[in-house]
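# Report on the structure
Residue-level listing of the chains:
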Amino acid sequence: MKERIENGNIKNALFTDFYELTMAQGYWKNEMDHDVVFDMFFRRQAFNGGFSVFAGLDTLLDAITDFSFTEDDIEYLKSQGIFEQGFLDYLKDFRFTGDMYAFKEGSVIFPQEPIIRIHAKLIEAQIVEGLILNQINFQSLIATKTTRIWLASKKGSIMEFGLRRAQGFDGAMSATRASFIGGASGTSNTLAGKIYGIPVMGTMAHSWIMAFPSELEAFNAYAKIYPSKSVFLIDTYDTLRSGIKNAIKAGAKLVEQGYNFGVRLDSGDISYLTQEVRKELDRAGFPQAKITVSNELTEEIIETLVQDKTPIDSWGVGTHMVTGGNEASFTGVYKLAARFDKTTGKNIPAMKFSDNPEKNTNPGVKNVYRLYDEQGNAKADIIALENEKIEVGKEYRYFHPMVDYRQFSFKAAKVEPLLHKVVQNGSRIVPKQNPEIELKKAQQLLHQQIETLDASYKRILNPHIYKVSLTENLKNLKLDFIEKLRK
């Protein structure tokens, strides 16, 4: 298994739910390996927010284009006693040979719209389901959380400090990657810094200070070794009675040498302490000294501190950013949307029904378009059937995904297609770039798209709901399915 993991990317096709393999054997026995189309979409916004962030695509592309079974894997499956030798022989040569369409990594995304579309043979499409959901769900959750934190800080400097609280090695690496896309400026995760080119950050822990005879000696020793990168942790003993006073003494020597310094707080009443620390620094003649805070920060806490105008220059966020905090998972799902009929030579739409109407899927092969007004503001995302086009300057009626009475009309000044082909015949067609460049592009795209959203969609609490709507043709197709079910 070890040799099938590279830089945290799983390559082993056993990384799938067991029922995918039992279904795959069933398809194989019944000669049902026809062409199909699957959609990945998600059902509701994480954190009760107004938007989410698409992340994990590049790691998914690396994995899915080299997803295969080794001889040991085949022997393991054989030992389960339920797979026929013919099917196991089929798996020996298994590769994903289909096409994939996806949003660009770093895109702002909304519920119900297909963010990934898979065209493949049924068995291939089924086996890669778990991989797709695993790669996209977690990273999208963490990227979304980070963007909320970044917005709460008024687009300030966010440092990701979550390695020690993340869910294992893969969780830590994926979280660091996703948090950078979401707006973090750096990480404490050194390996992620090397692999992804993310700036690494960090100075000292409480143990450094406690290892020296006194707090001042600890600060002076650090300043001597790292004069240009000294941020003193001032809450080991007493923030106001000793920490800030000793930091000023050590920092004064640095300033005399032409360097600057900063301080960090990791406990206590952050609002009160930072204000008092700022007063002490300014009184001592060091208005340029920066204040960093950490300690179980969330977007709600950060937003409150910013609104209270607390003098904080940067934020170190760990647990709640890399674990998702109060949101356990992203609600991405993977559903059959169409199957190819050899008789007609066409894709036949498929639709899943549920006792919960909001879980009914949208049938057919679909594209997604973002509509903008003349000021460049994003107004709605439209789900359309594959052969439909939405023209600039032409007014259309659009319908709520629940296909009820809700509808609106809009004439777009700009129409942006959101699904792009990224894999063709099993090979990635988007060029593989340096991870640092790839991540910076994703982060820049996110920043650009966030700017197109009205502030009401970006509120931390009670955001406005962004419109995701169906074209009239897709609405009618969905209604046809519903009417047939009622008969």
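Fair warning: this is a prediction, and the values are worked out from it, not measured in the lab.

Strand order across the open sheet formed by seven strands is E15-E14-E3-E7-E5-E21-E22, with antiparallel pairing between neighbours. Across the chains shown, the open sheet's two edge strands, defined by having one partner strand only, are strand E15 (346-349) and strand E22 (427-428). Taken together, the six bridges between strand E3 (residues 35-42) and strand E7 (residues 116-121) define a ladder with antiparallel strand orientation. Residue pairing in the sheet places Asp-35 in a bridge with Lys-121 of E7. Helix-sheet contacts for helix H6 (residues 129-152) involve E3, E7 and strand E14 (332-341), and the interaxial angle to E14 is about 140°.

This part covers the pattern of salt bridges. Enumeration according to the criterion identifies 25 salt bridges in this entry. Between Lys-155 and Glu-451 there is a salt bridge, with its nearest N and O atoms 2.1 Å apart. Residue Lys-155 is located in the loop between H6 and strand E8 (157-160), and its partner Glu-451 is located in helix H15 (residues 435-451); the two are separated by 296 residues in the primary sequence. Note on Lys-155: relative accessible area 38%, which makes it partly exposed. Taking the relative accessible area as the measure of exposure, Glu-451 reaches 47% and is therefore partly exposed. The residue Asp-282 makes a salt bridge to Arg-278 at a minimum N-O spacing of 3.1 Å.

A complete count under the given rule lists 18 aromatic pairs for this structure. Between Trp-28 and Phe-87 the ring centres are 5.9 Å apart and the planes differ by 55°, which places this aromatic pair in the tilted class. Taken together, the residues span a long stretch of sequence, with Trp-28 in helix H1 (residues 18-29) and Phe-87 in helix H4 (residues 85-92) at a distance of 59 residues. Look at Trp-28 and you get partly exposed, because its relative accessible area is 28%. Judged by relative accessible area, Phe-87 falls into the buried class, the value being 0%. With 4.0 Å between their ring centres and 15° between their planes, Phe-110 and Tyr-466 make a pair best called stacked. One end of the pair, Phe-110, is in the loop between strand E6 (108-109) and E7; the other, Tyr-466, is in the loop between H15 and strand E23 (467-470), and 356 residues separate them in sequence. Summarising the burial analysis for this pair, Phe-110 and Tyr-466 share the class buried. Ring pairs connect the aromatic residues Phe-18, Trp-28, Phe-83, Phe-87 and Tyr-90, which therefore count as one cluster.

Below, the discussion takes up the nonpolar core. Met-100, Ile-116, Ile-118 and Phe-232 are the most contacted members of the largest nonpolar core, which has 128 residues in total. When residues in this core are grouped by element, the largest group, eleven residues, is from H6. If we ignore the near neighbours within four places in the chain, the residues touching Ile-116 are Phe-38, Asp-39, Met-40, Phe-54, Leu-60, Met-100, Tyr-101, Ala-102, Ile-132, Ile-136 and Leu-419. Leu-371, Tyr-396, Tyr-398 and Phe-408 belong to the second largest nonpolar core, which has twelve residues in total.

Next up on the list: the sheet that holds E8. Spatial ordering of the open sheet is given by E9-E8-E13-E12-E11-E10, a layout of six strands whose pairing is parallel. Single-partner strands in this sheet number two, and they are strand E9 (186-187) and strand E10 (231-233). Relative to the sheet, helix H11 (residues 239-256) contacts E10 and strand E11 (262-265), its axis offset from that of E10 by approximately 160°.

To continue, consider H4. What sets the pattern is the α-helix's 3.6 residues per turn: residues three or four places apart point alike. Of all the positions in H4, only Phe-87, Leu-88 and Leu-91 are classed as buried. For H4, the angular spread of buried residues about the axis comes to 100°, placing them on one side. On its buried face, H4 is in contact with H1, helix H3 (71-79) and helix H5 (122-127).

The rules behind each value
Residues numbered from 1 in each chain as written. Predicted model: local features only at pLDDT ≥ 70, side-chain atom pairs only at ≥ 80, totals over all residues. Heavy atoms only, no water. Pairing = 2+ DSSP bridges. Helix = DSSP H or I, 4+ residues; strand = E, 2+ residues; numbered from the N terminus. Contact = heavy atoms within 4.5 Å. Axes fitted to C-alpha atoms, helices over the stretch in contact; angles between N-to-C directions. Salt bridge = Lys/Arg side-chain N within 4 Å of Asp/Glu carboxyl O. Buried < 20%, exposed > 50% of the residue type's maximum accessible area, 1.4 Å probe, protein only. Phe/Tyr/Trp six-rings, centres within 6.5 Å; stacked < 30°, edge-to-face > 60°. Core = buried A, V, L, I, M, F, W, Y, C linked by side-chain atoms within 4.5 Å. Arc of directions from axis to C-beta.

Just geometry here; none of it tells us what the structure is for.
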